[in-house]
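# Examination of the molecular architecture
Letter by letter, the chains look like this.
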Amino acid sequence: MTPPERSRPSVAQGKIVLAVNPAASFGRSRGAGDEAAEYFRAAGWTVVVLQAGGYEPLGALVRQALFSDEEVAALVVVGGDGMIHLGVNALAGLEVPLGIIPSGTGNDVARLLALPLNSPAGACRRVLDAMAEGGRRMDVGRVRAGGKITYFAGVLSAGFDAAVNERANSWRWPRGKSRYNLAMLRELGSFRRIEYRVCADGVSWNQRALLISVANGQSIGGGMRITPDALPDDGWLDLFVVEPLSRLKFLSIFPKVFAGKHTGRREVMIRRVREVRLEAEGVVAYADGERLAALPVDIDVLPLALHVLA
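Criteria and thresholds
Residues numbered from 1 in each chain as written. Predicted model: local features only at pLDDT ≥ 70, side-chain atom pairs only at ≥ 80, totals over all residues. Heavy atoms only, no water. 1 Å grid on protein atoms, 1.4 Å probe; cavity = no way out; pocket = protein on both sides within 12 Å on 5 of 7 lines; lining within 4 Å. Points joined across faces, edges and corners; volume = space filled by probe spheres on them. Helix = DSSP H or I, 4+ residues; strand = E, 2+ residues; numbered from the N terminus. Nonpolar A, V, L, I, M, F, W, Y, C, P; charged D, E, K, R; others polar. Buried < 20%, exposed > 50% of the residue type's maximum accessible area, 1.4 Å probe, protein only. Pairing = 2+ DSSP bridges. Core = buried A, V, L, I, M, F, W, Y, C linked by side-chain atoms within 4.5 Å. Contact = heavy atoms within 4.5 Å. Axes fitted to C-alpha atoms, helices over the stretch in contact; angles between N-to-C directions. Left-handed = near helix turned anticlockwise from the far one by under 90°. pLDDT = per-residue confidence, 0-100.

## Here we look at the layout of surface pockets
The gaps of empty space that remain are located by a probe, the size of a water molecule, rolled over the atoms. In this structure, the second largest pocket occupies an estimated 440 Å³ of space. Around the second largest pocket, the lining is made up of 18 residues, and of these Glu56, His85, Asn89, Lys148 and Thr150 lie nearest the centre. When contributions to the lining of the second largest pocket are tallied by element, the ones reaching two or more residues are helix H2 (55-68), helix H3 (81-90), strand E5 (136-145), strand E6 (148-152) and strand E15 (290-294). Split by residue class, the lining of the second largest pocket holds 9 nonpolar, 4 polar and 5 charged.

As structure tokens, this is what we get:
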């Protein structure tokens, strides 16, 4: 690895907390975490590397590091959307910026921010450049469910795509994006339409749908651009609804989603909102690919609430 130039030693004040999910993308993050730590140290930073045997223990370590050390200059997460989800929730209410070294399976939030996907060194360089230049701010979705508040950066899903996540997360094989696609095909065989009750910005209605998502980002599942015009810093969320479809019609539309060419279909509705309540029986919500809670959920947007190094 070529070390970074020591052209900005004055910015190396404080510590970088580096949170690594060694299980992300079936172990790919382990090497990416080592490379990131080496890169930042070569640039003159003190790096505190945090790892744990599971998502919850790692989140606890991150929160402890952030609240016990006033010299933390940035939290940098190594992994996929789940690690970004961990970072967003750890940083809620803090001004510490979030850096991202993408090494997960989907990396949809990293795509949203146009970060290097297959280059830990390139992503580290982006983090250091953003620290010197000030980075940017992005909106965050806030979810209230089951007496708990959770935040998300990308997309909250409640319906068919969440059920696909449930199935895919239970498999150890195949690895990579094909696991999500195969889980989708398996789920399609047994999935039934959902009867939702939706309230968006004070307007309520009953909605039969295959799925409903609330998006701050553009894509799910490693590049399926469900809301291709969504912006992470416009103060809005995109409500995405797909009405019930036959299997053949679903399979005819599905390839178009990767190019964002599905939005003109009459079965698809996209609507800009600031607040949404979703109700349905037996439906679990996922956000950034992480399991949250059963519906009902209340979602709103916190404009420019996250400082991100991108």
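After that view of the structure, there is still more to cover.
## Notes on empty space enclosed by the protein
For the structure shown, the criterion picks out 2 cavities of 30 Å³ or more. Its volume calculated, the largest cavity comes out at about 220 Å³. If you trace the largest cavity, you find 18 residues lining it, with Leu211, Ile226, Phe250, Phe254 and Val257 closest to the centre. Elements represented by at least two residues in the lining of the largest cavity include exactly helix H6 (160-169), helix H7 (177-188), strand E11 (237-242) and helix H8 (247-257). Sort the elements by how many residues they give to the lining of the largest cavity and H8 lands first, with 4 residues. Residue classes in the lining of the largest cavity are distributed as 16 nonpolar, 1 polar and 1 charged.

## Brief notes about H3
Across the 10 residues that make up H3, a large majority, 9, are buried. Where H3 is concerned, the buried positions are Asp81, Gly82, Met83, Ile84, His85, Leu86, Gly87, Val88 and Ala90.

## What about the pairing of strand E14 (residues 284-287)?
Burial of E14 is two-sided: the residues Val284 and Tyr286 facing one way and the residues Ala285 and Ala287 facing the other way are all buried. One ladder, built from 2 bridges, connects strand E7 (residues 155-159) with E14; its direction is antiparallel. Residue pairing across strands places leucine 156 opposite alanine 287, the latter belonging to E14. With 4 bridges joining them, E14 and E15 adopt antiparallel strand pairing. Across the sheet, the residue bridging to tyrosine 286 is arginine 291, located in E15.

## Structural notes on the nonpolar core
With 31 residues, the main nonpolar core has Val62, Leu75 and Leu98 as its most contacted residues. Top element by residues in this core is H3. It accounts for 5 residues. Once residues lying within four places of it in the same chain are set aside, the contact partners of leucine 75 are Val17, Ala19, Val62, Leu66, Gly87, Ala90, Leu91, Val96, Pro97, Leu98 and Gly99. Ile194, Tyr196, Val214 and Ala287 belong to the second largest nonpolar core, which has 28 residues in total.

## Topic: the packing of H2 against H3
Running from amino to carboxyl end, H2 crosses H3 at an angle of 40°, the nearest separation of the two axes being 10 Å. As for the relative orientation of H2 and H3, their crossing is right-handed in sense. Residues Tyr55, Leu58, Gly59, Val62, Arg63 and Leu66 of H2 form the contact with H3, whose own contacting residues are Gly82, Met83, His85, Leu86 and Ala90. Within the contact of H2 with H3, the residues separate by chemical class into 7 nonpolar, 3 polar and 1 charged.

## Here's the deal with the confidence of the model for the protein chain
Across the protein chain, the average pLDDT comes to 88, with 87% of residues at or above 70. Residue range residues 1-11 is modelled with pLDDT below 50. Its contacts to residues more than four positions away, or to other chains, number 17 contacts.

## Let's talk about the sheet that holds E14
Two pairing modes exist for strands in a sheet, parallel and antiparallel, and in both the strands are linked by backbone hydrogen bonds. The 6 strands are arranged E12-E11-E10-E7-E14-E15 in an open sheet whose pairing can be described as antiparallel. Each end of this open sheet is capped by a strand with a single partner; those strands are strand E12 (268-273) and E15. Across the sheet, the mean angle separating the axes of adjacent strands is 20° when strand polarity is ignored.

## Description of the environment of valine 20
Considering the arrangement of structural elements, one finds valine 20 in strand E1 (residues 15-20). Assessed through its relative accessible area of 2%, valine 20 is described here as buried. A C-alpha to C-alpha distance of 10.0 Å links valine 20 and alanine 37, two positions 17 residues apart in sequence.

## Some details on the environment of serine 103
In this structure, serine 103 sits in the loop between strand E4 (98-102) and helix H4 (108-112). As a C-alpha pair, serine 103 and proline 120 span 17 residues in sequence and 7.8 Å in three-dimensional space.

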